[in-house]
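# Structural characterization, general
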Amino acid sequence: EPEVTQTPSHQVTQMGQEVILRCVPISNHLYFYWYRQILGQKVEFLVSFYNNEISEKSEIFDDQFSVERPDGSNFTLKIRSTKLEDSAMYFCASSAQWRAEQFFGPGTRLTVL
Amino acid sequence: AQSVTQPDIHITVSEGASLELRCNYSYGATPYLFWYVQSPGQGLQLLLKYFSGDTLVQGIKGFEAEFKRSQSSFNLRKPSVHWSDAAEYFCAVGVNYGGSQGNLIFGKGTKLSVKP
């Protein structure tokens, strides 16, 4: 069964460093998403991506964040200068159609020290 | 603003007992509603969804949920819980504005523990 994969499963970084979180969505999907979950809090929407551009982004997704689909398979989330408050679990998701079921990856736990 | 409330942070039930997890939403239009389950170390797996039509929806693993517009609720139920159901359960509403690609708004989750 096709699934969304994410690497790494856990990333530890120093404050101010850049990190890139990687996702491989399901191959025939067209819509891609990033969500995050700070420990003990809700899963929050960050950004959606369609047709090689950002469709929608939340208030959380400020200038330090960027997304890219560098090739036909990967979907990345870059945090340019990490802050302590960026520590969270980051989930990638993809869907085949608008409003269709979103399939989630297992997440990357980011720890900023 | 749209929101999803799961009032129970942690629920413990005995194996074989029935289960109901509560979810209330706040959304101006007809919502798209989802229940996801997350086992430790795993991603979020869709249990069931409601878009329109029959307000009682069946999902995987024997779960069902009922959409009640008058109560703004979408409670998840299972008649007989199995030990493998122990996980965290998230209710979500799909936001649908013009141009929106349908991002999800999640509740804080309910952790389910199952006693033998």
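Notes on the structure in this doc start here. The numbers attached to residues start from 1 for each chain and follow its sequence in the written order. All chains are assigned letters beginning with A, and all ligands numbers beginning with 1, in the order in which they are written. It should be noted that, the model being predicted, local features are given only for residues of pLDDT at least 70 and side-chain atom pairs only at 80 or more, the latter also being counted only at that level, while totals for whole chains, interfaces and linings use all residues. With hydrogens and water stripped out, all remaining heavy atoms of the structure feed into the side-chain values.

## Some remarks on the overall build of chain A
The condition that has to hold: Secondary structure elements are defined from DSSP: runs of H or I of at least 4 residues count as helices, runs of E of at least 2 residues count as strands, and each element is numbered from the N terminus. C-alpha atoms define the radius of gyration, and 2.2 Å times the number of residues to the power 0.38 defines the globule rule.
Tallying secondary structure elements over chain A gives zero helices and 11 strands in all. When the helices and strands of chain A are placed in sequence order, the string is β-β-β-β-β-β-β-β-β-β-β. Relative to the 2.2 N^0.38 estimate, which gives 13 Å for 113 residues, the radius of gyration of chain A is 13 Å and therefore close to what a compact globule would have. Seen along its three principal axes, the alpha-carbon backbone of chain A occupies a region of about 35 × 30 × 25 Å.

## Here's the deal with the side chain of Gln37(A)
Test applied: Relative accessibility under 20% of the residue-type maximum defines a buried residue, over 50% an exposed one, and the middle range a partly exposed one, all with a 1.4 Å probe and only protein chains included. Residues adjacent in sequence count toward polar contacts only when both atoms are side-chain atoms; beyond that, a polar contact is any pair of N or O atoms within 3.5 Å, and within protein one must be able to donate a hydrogen and the other to accept it. A contact between two residues is defined here by any heavy atoms of the two lying within 4.5 Å.
Within the secondary structure, Gln37(A) sits in strand 4 (residues 31–37). Residue classification places Gln37(A) among the buried residues on the basis of a relative accessible area of 13%. Here the side chain of Gln37(A) touches Gln41(A) through a polar contact of 3.2 Å, landing on its backbone oxygen. If we skip the residues at most four places from it in the chain, Gln37(A) touches Lys42(A), Val43(A), Ala88(A), Met89(A), Phe91(A), Gln38(B) and Phe90(B).

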